[in-house]
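Coordinates in review
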Amino acid sequence: MHILIIGAGGMLGRKLTQRLVADGLAGQPVQTLTLVDIAAPDAPAGFANKTDCVAADLSAPGTAARLIALRPDVIFHFAAIVSGEAEADFEKGYRINLDGTRDLFEAIRLAHTADAYYPRVVFASSIAVVGAPLPYPIPDEFHTTPLTSYGTQKAISELLLADYSRRGFFDGIGIRLPTICIRPGLPNKAASGFFSNILREPLVGQPAVLPVPDDIRHWHTSPRSAVGFMIRAATMDLSALGARRNLSMPGLSATVGEQIEALARVAGPDAVALIRREPDAAITAMCQGWAPGFTASRARELGFTAEESFDDIIRAHIEDELGGSL
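Structural notes, computed from the coordinates. Each chain carries its own residue numbering, running from 1 in the written order of its sequence. In keeping with the model being predicted, local features are shown solely for residues with a pLDDT of at least 70 and side-chain atom pairs are shown and tallied solely at 80 or more, while totals for entire chains, interfaces and linings include all residues. Calculated side-chain values reflect all of the structure's heavy atoms, with hydrogen atoms and water omitted.

So, on to the pairing of strand β4 (residues 74–77). For the exposure calls, accessible area comes from a 1.4 Å probe over protein chains only, and a residue counts as buried if that area is under 20% of its type's maximum, exposed if over 50%, partly exposed in between. A run of DSSP states H or I qualifies as a helix once it reaches four residues; a run of E qualifies as a strand once it reaches two. Both are numbered from the N-terminal end. Both faces of β4 are covered, namely the face carrying V74 and F76 and the face carrying I75 and H77. Two strands qualify as a pair provided DSSP detects at least 2 bridges between them. Inspection of the sheet shows β4 paired to strand β5 (residues 120–126) by four bridges, in the parallel sense. Bridge assignment links V74 to a residue of β5, and that residue is R120.

Below, the structure is given as structure tokens:
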């Protein structure tokens, strides 16, 4: 089995790589891992089989064709710039998030035409494909009306994935990821980064800034569950999806206040005291158009699962990133 991960240097790409090295995929060992990002990812520790770590820009001419010439069996496509950066740099957002994705799909189509190549493609989409006014919870049938460039780029890519799958060029599934919380590492340029910051930093004794009111509600999942979504998407029978190839993933709907209450239960009042409130009207206005929560009925029926409480999300972070204890 040959697996290609595009965006392998990012947080989810690294965690997926670790999971594949440890467990294989669908009970089969991975023979070859091709790991691609704008800077060459590190080779995974403990992997005895072949690893190719490639520095490449998917949107650069010829990159997708070179990767598909390797004929990977399963392709995980994470490569993207995040919401805040895509909004700030219009051209870069469309080049990376849309043009690179279409180049990949086209390279697969041409390979399919040449020699019946037919891989599984797992595309990391986003709940940003929906936009206000939003019901709560948001049903699976809700229309895609994104209100950001990032969400628009993901929505267009979802349509392409569905059409290329319908035409039989590859077997594709789009996974609409909730906001990942708690995201390990340093803050990124995602506009939603504060959801992680107000938990991650206090858990290690560092201050964090909260720019929005406690009643802001949003849809979350842990990195651990997000990797589980990807594994499930890569191994399930996609005929159950029919023509609707894109799925909103299960998650946890919580207000900022409920996040902080969970932090208090798990880590105590001293951790909560490290959160400094600095209201930001622009960020608050942006959040009010974000998804508060989904039914995710189709995904749950198809076997996708996530945490049931924010306490569980915090404990998963402590187990996976902090050695199991504070």
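From this point, the narrative continues.
Let us look at the sheet that holds strand β3 (residues 50–55). Reading across from one edge, β3-β2-β1-β4-β5-β6-β10 is the order of the seven strands in this open sheet, with parallel pairing throughout. Both outer strands of the open sheet, β3 and β10 (246–248), are each paired with one neighbouring strand and no more. Going from strand to strand, the sheet's axes swing by 15 degrees on average, the running direction of each strand aside. Here strand β6 (residues 171–177) runs beside β10; their pairing, made up of three bridges, is parallel. Bridge assignment links G174 to a residue of β10, and that residue is N246. Contacts were defined at the residue level, with two residues in contact if any of their heavy atoms lie within 4.5 Å. Working convention: axes come from line fits to C-alpha atoms, limited for helices to the stretch in contact. Angles between N-to-C directions cover 0 to 180 degrees. Taken strand by strand, helix α1 (residues 11–23) contacts β1 (2–6), β2 (32–37), β4 and β6, and its axis lies near 165 degrees from that of β1.

Now for empty space enclosed by the protein. A cavity here means a set of points on a 1 Å grid, drawn over the protein atoms and nothing else, where a 1.4 Å probe fits but cannot get out; a pocket is an open set with protein on both sides within 12 Å along at least five of seven lines, and a residue lines either one if it has an atom within 4 Å of a point. Grid points are joined across faces, edges and corners, and a volume is the space filled by probe spheres set on the points. Under the defined criterion, the tally for this structure stands at one cavity of 30 Å³ or more. For the largest cavity, the calculated volume is near 30 Å³. As for the largest cavity, its lining consists of K15, I182, P184, P223, A316, H317, D320 and E321. Per element, the largest residue contribution to the lining of the largest cavity is four residues, and it comes from helix α12 (residues 310–321). Any residue that is not Ala, Val, Leu, Ile, Met, Phe, Trp, Tyr, Cys, Pro, Asp, Glu, Lys or Arg is counted as polar, Gly included; the first ten are nonpolar and the last four charged. Residues of the lining of the largest cavity, tallied by class, amount to four nonpolar, one polar and three charged.

Put simply, two rings from Phe, Tyr or Trp (the six-membered ring, in Trp's case) pair if the centres are within 6.5 Å, and we call them stacked under 30 degrees between planes, edge-to-face over 60, tilted for the rest. What the rule picks out here adds up to nine aromatic pairs. Here the aromatic rings of Y164 and F170 are separated by 5.9 Å at their centres, their planes lie at 15 degrees, and the arrangement is stacked. In this structure Y164 comes out as buried when scored by relative accessible area, which is 7%. Judged by its relative accessible area of 0%, F170 is buried. Aromatic side chains F194 and F195 sit 4.3 Å apart centroid to centroid with 35 degrees between the ring planes, which places their arrangement in the tilted category. On the basis of relative accessible area, F194 is assigned to the buried category, the value being 5%. By way of ring pairs, the aromatic residues F105, Y164, F169 and F170 are connected into one cluster. For a Lys NZ or an Arg CZ to count as sitting over a ring, it must be within 6 Å of the ring centre and within 35 degrees of the ring normal. A cation over a ring is seen here: R109 above F169, with NZ or CZ 6.0 Å from the ring centre.

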